[in-house]
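# Chain and residue survey
The primary structure of each chain is shown beneath.
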Amino acid sequence: MRAKSSYPCLPYIMKSIRPASRRYAVIRMDPVAMVKHFHDPLTTAAAQAIHPQKYLVYLQLPKGLPDPTEPWYEFSVDFIGTTLRAEDKERGLTADMVIPIYPNTSHPNNRPPVRSHPTFPFSNCYHWFDTERTVRIRRRPMWYDDNHAFKLDIDQHYEMQSMFDDDCGRVGEFLASKAALTSNDAVPSASSDSLPDDYSPADSPSYSHSERHSIVDAVDNANSLREGPWDPEGLAGSSSDLSLQPESVAESENSLLAIHDMDIFGLNVSSDTVELMPLVDMWLELTEHLTSETIGNPVDFFKEHDAIMR
């Protein structure tokens, strides 16, 4: 007789203390909890006057490692709207910078929809370009049940990213043209024949100001790692070649600091920065909290957050 498996059943495996990436979720901000640590009656009263809505988001990436002792998790989320995107002409953001979520197939330029699994419960939803925010998802006593989640498989996720890359390029071209008009300087062609010898992708106008600095910093950090004491050819030499000299120790410490500065796990967050992040409750059970008519406009979420920051 075949031995009974000691592994838990599948529904149990599909539960986790922190939600997974590539899931759709409902969030609602808690203004009062965000200002509670100030112990200021006026600030608390102002927060109580804010009546936050529930919003639909797409969970992009967790920030840092799950820590059972923390009361919340950091997560990068994108906002979902029920209309075409709110335009921002100063930044080159246009209404068509959206991706429909099937069964919604409507788009001004016939952009194909992404398809969730299972099929998305709302027929009027779009991913909005350039709405990514980092939020703090409050820990709850019960684990998250992934069986209730609507998700994108990895192919659909990358298809969405590819379409938004096109929008990013359009915004970059717009900002480059705007800068050229302002400075009365022509924008040089980006053809391979005209690129300078020291050209870096970080110099491309398709990158935002913050992205440009992040890329340059990452390259600088990577370069500093190559200055460490590791010398594969030296391993063939005498044992004295492998001794740690003071200079080598200093270089090793510099390399470790460079790795720390990269913050590859997203752990280095100052308390001041954390206080500015929206604190939200989150649910994977979309239809228990929203209908097609009650999904909040992403612009309203940003207004709520701005009101708290004031």
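In this text, all values refer to a predicted model and were calculated from it rather than measured experimentally.

Conventions used here
Residues numbered from 1 in each chain as written. Predicted model: local features only at pLDDT ≥ 70, side-chain atom pairs only at ≥ 80, totals over all residues. Heavy atoms only, no water. Helix = DSSP H or I, 4+ residues; strand = E, 2+ residues; numbered from the N terminus. Buried < 20%, exposed > 50% of the residue type's maximum accessible area, 1.4 Å probe, protein only. Contact = heavy atoms within 4.5 Å. Polar contact = N/O pair within 3.5 Å; in protein donor to acceptor, adjacent residues only side chain to side chain. Salt bridge = Lys/Arg side-chain N within 4 Å of Asp/Glu carboxyl O. Pairing = 2+ DSSP bridges.

### As for the environment of Asp281
With respect to the secondary-structure elements, Asp281 resides in strand β9 (residues 279-283). By relative accessible area, which is 22% here, Asp281 ends up partly exposed. Sequence separation between Asp281 and Ile137 is 144 residues; the distance between their C-alpha atoms is 5.8 Å. In this view, Asp281 contacts Val26, Ile27, Arg28 and Arg138; residues no more than four positions away in its chain are not counted. Polar contacts involving the side chain of Asp281 include one to the side chain of Arg138, which spans 2.8 Å.

### So, the pattern of salt bridges
Two side chains of opposite charge can pair, provided their charged atoms sit close to one another. Counted according to the given criterion, the structure contains 10 salt bridges. A salt bridge links Asp88 to Arg91; the shortest N-O distance between them is 3.8 Å. A salt bridge links Lys178 to Glu90, with the shortest nitrogen-to-oxygen separation between them at 3.0 Å. With Lys178 in helix α4 (residues 154-183) and Glu90 in the loop between β4 (72-81) and β5 (98-100), the pair connects residues that are 88 residues apart, well separated along the chain.

### Concerning the pairing of strand β7 (residues 133-138)
The pairing of β4 with β7 spans 6 bridges and is classified as antiparallel. From the neighbouring strand, Tyr73 faces β7, where its bridge partner is Ile137. Here 2 bridges tie β7 to β9, and the two strands are oriented parallel to one another. Each bridged residue has a counterpart across the sheet, and for Arg136 the counterpart in β9 is Leu279.

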